[in-house]
There are 2 protein chains.
Amino acid sequence: MSNPLLLPEIRQMLAEKETQGLAEIMTELHPASIADFAEGLTVEEAWALLSHGDVSRQAEVFPFFSAEKEQELIEGVGRENMSRLLEAMSHDDRVDLLKRCDKTTVDGLLPLLAKAEREDIRRLLHFPEHQAGSVMTTDYAALRQGQTVGEAIDQLRREAPDKETIYYAYVLDEARHLIGFVSLRDLILADTSNLIKDIMREDVVRVRADQDQEEVARTLAKYDFLAMPVVDNHDHMIGIITYDDVIDVLLEEAAEDIVRQGATEPLEKDYFASSILKLLRSRVVWLFMLALAATLTVNVLSVFEATLEKVVTLSLFIPLLIGVGGNAGAQSATTIVRCLATDEVNSRDLFRVVAREARVGFLLGFTLGTFALMIVWAFFGSDMAIILSTSLIAVCTLASSVGASMPILATRVGVDPAVVSAPFVTTIVDATGLLVYFLIARAVLNI
Amino acid sequence: MSNPLLLPEIRQMLAEKETQGLAEIMTELHPASIADFAEGLTVEEAWALLSHGDVSRQAEVFPFFSAEKEQELIEGVGRENMSRLLEAMSHDDRVDLLKRCDKTTVDGLLPLLAKAEREDIRRLLHFPEHQAGSVMTTDYAALRQGQTVGEAIDQLRREAPDKETIYYAYVLDEARHLIGFVSLRDLILADTSNLIKDIMREDVVRVRADQDQEEVARTLAKYDFLAMPVVDNHDHMIGIITYDDVIDVLLEEAAEDIVRQGATEPLEKDYFASSILKLLRSRVVWLFMLALAATLTVNVLSVFEATLEKVVTLSLFIPLLIGVGGNAGAQSATTIVRCLATDEVNSRDLFRVVAREARVGFLLGFTLGTFALMIVWAFFGSDMAIILSTSLIAVCTLASSVGASMPILATRVGVDPAVVSAPFVTTIVDATGLLVYFLIARAVLNI
């Protein structure tokens, strides 16, 4: 298991060239644990350690490196070695790696690979990010329906070293159409003389290569599959997506959704590996746009400057009121963005959702308004108490309705609802909330 | 595959008692697809459909129902039937189901189960939510090191119907200590006469039953395992957690983190299945606490009421300024909450993180402040321009520092950092931002 305490030991073994011990580490430990160790080593040390395993083992370890270490390691080894390593990698890991390399590196490496491998890489590289095709692997196990179970097991045994998984195998016809599916569990439970076509399941859930990766991940999660077949537009099987890719997709998408809610763009590297300028860049556009939208509040307040001059007390409650409104709007927006992602709500539900959220907002405002009425009356008198509590009810109702409708409207016009989430809603609600507040104030104070 | 268009057909088959067709649906379709259909049926229809499959098939379908349908179905069937169904369920699905039932239902069902099953359920039920023990299953495959590969394969074949997975098997000693691990892939690649102890991997990554489920999920995700063994405090193996449970945990935790960022509690049911009062309850406490914290802003403004009376223009920029501050704080808080979850940052990094975030905040403030200087100068004169741009720099620096330090401090005192995220930070930053703004204004205006 990964244990930083062992790092000095490995260093010593490398210095003293303890071939046997190092070979043991490379064969016995999990690739992720080996990568963990190597993160703490220099590039030369890391390659010295890796060289004690064969190429296929090195290829297993490589995908577990951090993006930064990976880059260092690629630069620290000859192109010849790197191309051998690439050939030994699983197809999806290889494409992942090449996607992170710059174009010159890729162009330097590709000619060194066999033609078939090159074509496979080109095909996988051409799928846009976030599409199922970009996370699939082409090294899946395929069977024919005329095979016996015994033949199929023998074939899987032979192919095991090159396949991403042999626990699921897909049955294809002559034209590579997907017609059935068997698991290794089905195979070892069946009689070896049975035919694949008699034991295969024909109701195979499949995804298209151009489907969104998050949608695919949720489909796999729904059915508890280990892997799912990916087909092209003519139902030809072209790859599989496995549970581990799905887990990675889900973690990545969750991270993106979460940071976008905080009005930042996801970082490409780890936090401490990102420069201050990268951090700045991930936030400045968002903050700038939000600030621009917030100038609306200055305009609204300018309109009511005369009112403010007469009753300065009104300004005391501005941050409280818009704070509450912003939070109520964020609550609705977050809830609905979540429900859109899990299909609990869809874009046709606009009026139903807004009707519910408006009621929730009204009740929230009513609860807070009742408290505010009592407290503000005691300290600032009846006029301010009535103005503030009425405004709280109006602003919460408004904020919840706006907060709920914006993500749905975004979906309708094809924008990711996560983008128009909390911070955006808050800013919109601020300006309209102020308008409501001053209109109520003028009416109550008769000015 | 799930297709609502088929619903009328199934209804008709049920009405006409087409036993053969219904039995085919129950055997051929994926359990998740059957559950999808049954969601659209009445309780009686759903049970009529289910009864065309055997009990073990019914048990497979049951966990795919929504919580509401599940409850209806349990109430719509006799206790005898339900207990037979429970016995046939996988151990983790059974415990999940019982956790969602009320205490009277559980007490009614438990006596009908065999003693061993009852004890297993009691043991699993006693793990607190969010701990690894509460999502594990006890029906894993165990081997002994003296067995041959051939014997092991035979055993797995025999046990396959009762085990959660036979793709991973764990090697235990006499005292049920975990000493090794083999995959079915290893087994079918090895010679049948080999001994398990010679082919097993001894470096088995394990988790403790009382570890947090999200931590466990991330460990499995890191190593790309299909399943991970769970041990007690004495390293006795007590269960496994499989990739599908991990996917569910990750989806659930992501959903919780996301809604908490929007200052709401996660809903127990689907959005439309939750009453308005439930929606209200998930938000009102948060909103109330935030409103209470926001009264700080009223206090700060009261202190500067005289200044406001002299220069009403100052109040025009209050929403803009605290909006920008809140957003900058939310950006830092979101980034750091994320980094804490993925271990990119830990609680010892407080000063390092705050130092970076303060610099990012300063640069954000400087960028916005430069624009503000020019625009405000043009419309409101030099004094307001200087006050606002200086305040933006100060408030952004402050907001980023506070936003970054609050989640880390929360972790230090053992509070979930997601709870003190964006909305909380915004509220704190509002009050301090106003203080800074008025102090700067007084200094510049000399009042």
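Residues numbered from 1 in each chain as written. Chains lettered and ligands numbered in written order. Predicted model: local features only at pLDDT ≥ 70, side-chain atom pairs only at ≥ 80, totals over all residues. Heavy atoms only, no water.

Before going further, it helps to examine helix H8 (residues 91-100) of chain A. Considered for burial, the residues of H8 of chain A that qualify are His-91, Asp-92, Arg-94, Val-95, Leu-97 and Leu-98 of chain A. In the core, the buried residues of H8 of chain A are packed alongside helix H6 (67-75), helix H7 (79-88), helix H9 (103-109), helix H10 (115-125), helix H11 (132-135) and helix H16 (243-261) of chain A. (Buried < 20%, exposed > 50% of the residue type's maximum accessible area, 1.4 Å probe, protein only. Helix = DSSP H or I, 4+ residues; strand = E, 2+ residues; numbered from the N terminus. Contact = heavy atoms within 4.5 Å.)

Bringing the sheet that holds strand E6 (residues 237-242) of chain A into the picture now. All names here are of chain A. Sheet architecture is open: three strands sit in the order E4-E5-E6, paired in mixed fashion. Both edges of this open sheet fall to strand E4 (207-208) and E6, since each of them pairs with a single strand only. Helix H15 (residues 213-223) rests against E4, strand E5 (227-231) and E6 of the sheet, and its axis sits at about 135 degrees to E5. (Pairing = 2+ DSSP bridges. Axes fitted to C-alpha atoms, helices over the stretch in contact; angles between N-to-C directions.)

All names here are of chain A. Burial in helix H1 (residues 7-15) covers these residues: Leu-7, Ile-10, Met-13 and Leu-14. Along the axis of H1, the buried residues cluster in a sector spanning 120 degrees; they form a single face. Exposed residues lying more than 90 degrees from the buried face of H1 are Pro-8 and Ala-15. Those residues of H1 that are buried are in contact with helix H2 (19-28), helix H3 (31-39) and helix H4 (43-50). (Arc of directions from axis to C-beta.)

Residues and elements named next belong to chain B. Most of strand E3 (residues 178-183) sits inside the fold, with five of its six residues counted as buried. Bridge count between strand E2 (residues 168-172) and E3: five bridges; the pairing is antiparallel. Across the sheet, the residue bridging to Ala-169 is Val-182, located in E3.

This next bit is on empty space enclosed by the protein. Tallying each qualifying case throughout the model produces four cavities of 30 Å³ or more. The volume enclosed by the largest cavity comes to roughly 430 Å³. Listed by contribution, the elements that provide at least two residues to the lining of the largest cavity are helix H17 (276-303), helix H20 (318-341) and helix H23 (422-445) of chain A together with helix H17 (276-303), helix H20 (318-341) and helix H23 (422-445) of chain B. Here the element with the most residues in the lining of the largest cavity is H20 of chain B; it accounts for eight residues. For the lining of the largest cavity, the residue count by class is 18 nonpolar, 13 polar and two charged. (1 Å grid on protein atoms, 1.4 Å probe; cavity = no way out; pocket = protein on both sides within 12 Å on 5 of 7 lines; lining within 4 Å. Points joined across faces, edges and corners; volume = space filled by probe spheres on them. Nonpolar A, V, L, I, M, F, W, Y, C, P; charged D, E, K, R; others polar.)

What follows is about the environment of Thr-335 of chain B. Residue and element names in this part refer to chain B. Assignment of secondary structure puts Thr-335 in helix H20. Thr-335 sits in the buried class, given a relative accessible area of 7%. Linking Thr-335 and Gly-403, residues 68 residues apart in sequence, is a C-alpha distance of 9.2 Å. Of note is the side chain of Thr-335, whose polar atom sits 2.7 Å from the backbone oxygen of Gln-331. (Polar contact = N/O pair within 3.5 Å; in protein donor to acceptor, adjacent residues only side chain to side chain.)

With that settled, the discussion passes to the relation of the copies chain A and chain B. Mapping chain A onto chain B calls for a screw motion: a turn of 180 degrees about the axis and a shift of 0.0 Å along it, with 0.1 Å RMSD after fitting. Taken together, these values place the two copies in the relation of a two-fold axis. Interface overlap between copies is the fraction of interface residues in one copy that are interface residues in the other; for chain A against chain B it reaches 100%, indicating a shared surface. (Least-squares fit on C-alpha atoms with pLDDT ≥ 70 in both.)

Glancing now at the interface of chain A and chain B. Listed per partner, the contact involves 112 residues of chain A and 112 residues of chain B. Counting each side, the surface lost to burial between chain A and chain B is near 10300 Å², with a carbon and sulfur contribution of 68%. Of the residues assigned to the side of chain A that touches chain B, the class counts are 66 nonpolar, 22 polar and 24 charged. (Buried area = accessible area lost by both parts, 1.4 Å probe.)

Okay, unusual backbone geometry next. With phi around 65 degrees, Arg-176 of chain A is a residue other than glycine that occupies positive phi space. On the basis of relative accessibility, which here comes to 41%, the residue Arg-176 of chain A falls in the partly exposed class. If you check the backbone angles, His-130 of chain B has positive phi at about 75 degrees while not being a glycine.

Residue and element names in this part refer to chain A. Inspection of the entire model under this criterion finds 22 salt bridges over all chains. A salt bridge links Lys-69 to Glu-72, with the nearest nitrogen and oxygen atoms 3.8 Å apart. On the criterion of helical spacing, the pair formed by Lys-69 and Glu-72 is a turn pair, its members being three residues apart in helix H6. Given a relative accessible area of 37%, Glu-72 falls into the partly exposed group. For Arg-201, the salt bridge identified is with Asp-186, shortest N-O distance 2.8 Å. Of this pair, Arg-201 sits in the loop between helix H14 (196-199) and E4 while Asp-186 is found in helix H13 (residues 184-189), placing the two residues 15 residues apart along the sequence. (Salt bridge = Lys/Arg side-chain N within 4 Å of Asp/Glu carboxyl O.)

Residue and element names in this part refer to chain B. Taken in spatial order, the three strands make up an open sheet running E4-E5-E6, and their pairing is mixed. Two strands lie at the open edges of the sheet, namely strand E4 (207-208) and strand E6 (237-242), each paired on one side alone. Pairing of strand E5 (residues 227-231) with E6, which is carried by five bridges, proceeds in the antiparallel orientation. For Ala-227, the partnering residue across the bridge sits in E6 and is Thr-242. Contacting E4, E5 and E6, helix H15 (residues 213-223) runs over the sheet at an angle of about 135 degrees to E5.

Okay, the packing of aromatic side chains next. Taken as a whole and assessed by the stated rule, the structure comprises 24 aromatic pairs over all chains. Between Tyr-168 of chain B and Phe-181 of chain B, the aromatic rings sit 4.8 Å apart at their centres with planes inclined by 70 degrees, giving edge-to-face as the arrangement. Taken together, the residues Tyr-168 of chain B in strand E2 and Phe-181 of chain B in strand E3 connect sequence positions 13 residues apart. Ring pairs connect the aromatic residues Trp-47, Phe-62 and Phe-65 of chain A, which therefore count as one cluster. (Phe/Tyr/Trp six-rings, centres within 6.5 Å; stacked < 30°, edge-to-face > 60°.)

The next point concerns the packing of helix H21 (residues 350-380) of chain A against H17 of chain B. Where H21 of chain A contacts H17 of chain B, the axes come no closer than 10 Å and their chain directions differ by 35 degrees. The two elements H21 of chain A and H17 of chain B meet at a crossing, and its hand is right-handed. In contact with Arg-356, Glu-357, Arg-359, Val-360, Leu-363, Leu-364, Thr-367, Leu-368, Phe-371 and Phe-380 of chain A of H21 of chain A, H17 of chain B contributes Ile-276, Leu-279, Leu-280, Arg-283, Val-284, Leu-287, Phe-288, Ala-291 and Val-298 of chain B. By residue class, the composition of the contact of H21 of chain A with H17 of chain B is 14 nonpolar, one polar and four charged. (Left-handed = near helix turned anticlockwise from the far one by under 90°.)

Take a nonpolar patch on the surface next. Residues and elements named next belong to chain B. On the surface, Phe-371, Leu-373, Met-374, Ile-375, Trp-377, Phe-379, Phe-380, Ile-386 and Val-444 cluster together to form a nonpolar patch covering roughly 850 Å² of accessible area. Mapped onto the fold, Ile-375 is located in helix H21 (residues 350-380). Take Ile-375: its relative accessible area is 48%, and that puts it in the partly exposed class. (Patch = residues over 30% accessible without salt bridge, like charges linked within 9 Å, V, L, I, M, F, W, Y side chains within 5 Å. Areas by Shrake-Rupley, 256 points an atom, 1.4 Å probe, with all protein chains shown as cover.)

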